[in-house]
Amino acid sequence: MSLSFNFSETETQQSVKTMVRDFAERNIRPNIMEWDEAQHFPIELFKQLGDLGLMGVLVPEEYGGSGLGYQEYVDVIVEVARVCGSIGLSLAAHNSLCTGHILAFANEEQKQRWLPKLATAEWIGAWGLTEANTGSDALRMMTTAVEDGDDYIINGAKNWITHGKSGDIAVVMVRTGAQGSSKGISAIVVERGTPGFSAGKKENKLGMRASETTEMIFDNCRVPKANLLGNVGEGFKQAMKVLDGGRISIAALALGIAKGAFDAAVAYSKQRQQFGQPISSFQAISFKLADMATEIEAAELLIRQAADLKNRHLPMTKESAMAKYFASEVSVRVATEAVQIFGGYGYTKDFPAEKFYRDSKLCTIGEGTSEIQKIVIAREVLN
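The structure displayed is predicted, hence computed values, not measured ones. (Residues numbered from 1 in each chain as written. Predicted model: local features only at pLDDT ≥ 70, side-chain atom pairs only at ≥ 80, totals over all residues. Heavy atoms only, no water.)

Engineer: Help me out: how do you make sense of the side chain of S331 in this one?
Structural biologist: The residue S331 is located in helix α9 (residues 317-342) in this model. One polar contact links the side chain of S331 to the main-chain carbonyl oxygen of A254, over a distance of 3.1 Å. Not counting residues within four places of it along the chain, the set of residues in contact with S331 comprises A254, I257, A258 and S360. (Helix = DSSP H or I, 4+ residues; strand = E, 2+ residues; numbered from the N terminus. Polar contact = N/O pair within 3.5 Å; in protein donor to acceptor, adjacent residues only side chain to side chain. Contact = heavy atoms within 4.5 Å.)

What follows is the structure, encoded as structure tokens:
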């Protein structure tokens, strides 16, 4: 496939980056450890992000969104994650999963009903695919939706759901046909307050602790058939397309965390003195920084390529999987080296390296593990 990506940054991108960077420094950085320690999901912050148009980055202006493209969206996630991975994760999940699914597959009436509330952060969105016993093996999900007149009755539970408790609306993949069949799954929107829809256990996580992760439980939950997205049996195909874009989100999240860890490591290496000179002057440290910088640049190029293809509505399954796989692994390596450069201080919560280290690991797991990305890439290469 021939690519014609323009590497120059547009004025819109520059202004978006400056706005998000300033907001993150003022409103996120002072609170990151407090939120992390308390596992506090700062809903009030996301209302502010909504006021800036950052909760509907890709949503057309006619539905209350910013109407921007994937390059600007990448910039938003990177600049937020550079400061706090948790906030970046929640921002990505809201934009690309819940909102993105409705934007891509809802009918006009549904878009008018839900998108304006999501794009302005009046409502926070969640997206439910994973279950306790079906991570990568999503076709064997147990949550069912059974027709009953003009409604569906949903029973089951979803796990590892971002905003599973605080979200006002969720796009939920449910089994409407045979287990194991790609045509046996449908996507249904469930609004908070619907009888039988509740939150379960909140996960006590290693990292990304300010991004809420809980179970969603459905106990004879009655939802109108009008909440079905697309046709019956299209849910799995829809979810896979949503995840193609979601991989760019997680790649951008990983890139932001890597950049934040790198920035902290460079600054510390210039300040920390050993043997009468800054440690950045020692080859052992400077070579680490050189490797980190090179891998970050390479990850960004893969992400920009995938975003470019997405903007042009071209196939990008391979490219988004490559970007997600490489960027997430780079994030872990860069964060690990940042801790090493900080030495003993990198192991304490008084310095930023340890949080980047904890946050980075999820990027190799969420929205498809690194192993799943390799399967996707290999399938595309061998096809």
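Engineer: Before we go on, may I ask you to explain the packing of aromatic side chains in this structure?
Structural biologist: Within the structure shown, the criterion is met by eight aromatic pairs. Between Y345 and F351, the aromatic rings sit 5.1 Å apart at their centres with planes inclined by 50°, giving tilted as the arrangement. Y345 gets classed as partly exposed once you look at its relative accessible area, which sits at 40%. Taking NZ or CZ as reference, R192 lies 4.3 Å from the ring centre of F197, over its face. (Phe/Tyr/Trp six-rings, centres within 6.5 Å; stacked < 30°, edge-to-face > 60°. Buried < 20%, exposed > 50% of the residue type's maximum accessible area, 1.4 Å probe, protein only. Lys NZ or Arg CZ within 6 Å of the ring centre and 35° of its normal.)

Engineer: Would you take a moment to explain the domain arrangement of the protein chain for this structure?
Structural biologist: Accessible area lost on assembly of the parts is the figure often given for the size of an interface. Domain parsing of the protein chain yields domain 1 (11-124), domain 2 (126-235) and domain 3 (237-382). Between the C-alpha centres of domain 1 and domain 3 there is a distance of 20 Å. Taken together, the 26 residues of domain 1 in the interface contact 32 residues of domain 3. Between domain 1 and domain 3 the total buried area reaches about 2400 Å² when both faces are included, carbon and sulfur atoms providing 63% of it. Contact with domain 3 buries area across many residues of domain 1, yet Y70, Q71 and R82 alone supply 27% of it, more than any other trio. The salt bridge involving D36 is made with R358; its shortest N-O contact spans 2.9 Å. At the level of secondary structure, the elements contributing two or more residues to the side of domain 1 that touches domain 3 comprise α2 (32-38), α4 (70-81) and α5 (85-105). Take the side of domain 1 that touches domain 3: its biggest share by element is nine residues, from α5. Here the residues of the side of domain 1 that touches domain 3 are counted per class, giving 14 nonpolar, eight polar and four charged. (Domains from an automatic or database assignment. Buried area = accessible area lost by both parts, 1.4 Å probe. Salt bridge = Lys/Arg side-chain N within 4 Å of Asp/Glu carboxyl O. Nonpolar A, V, L, I, M, F, W, Y, C, P; charged D, E, K, R; others polar.)

Engineer: Sorry if this is basic, but what is going on with the nonpolar core here?
Structural biologist: Here is a general trend for soluble globular proteins: nonpolar side chains tend to be buried in one another's company. Counting residues in hydrophobic clusters, the biggest one holds 70 residues, and the most contacted among them are I28, L49, I87 and L253. Sort the elements by how many residues they give to this core and helix α7 (residues 235-271) lands first, with 14 residues. Counting the residues that make up this core, at least three belong to each of domain 1 (11-124) and domain 3 (237-382). Once you skip the residues sitting within four places of it in the chain, I28 turns out to touch F23, W35, L45, V80, V83, C84 and I87. Within the second largest apolar cluster, 27 residues are counted, among which are A93, W114, I169 and V171. (Core = buried A, V, L, I, M, F, W, Y, C linked by side-chain atoms within 4.5 Å.)

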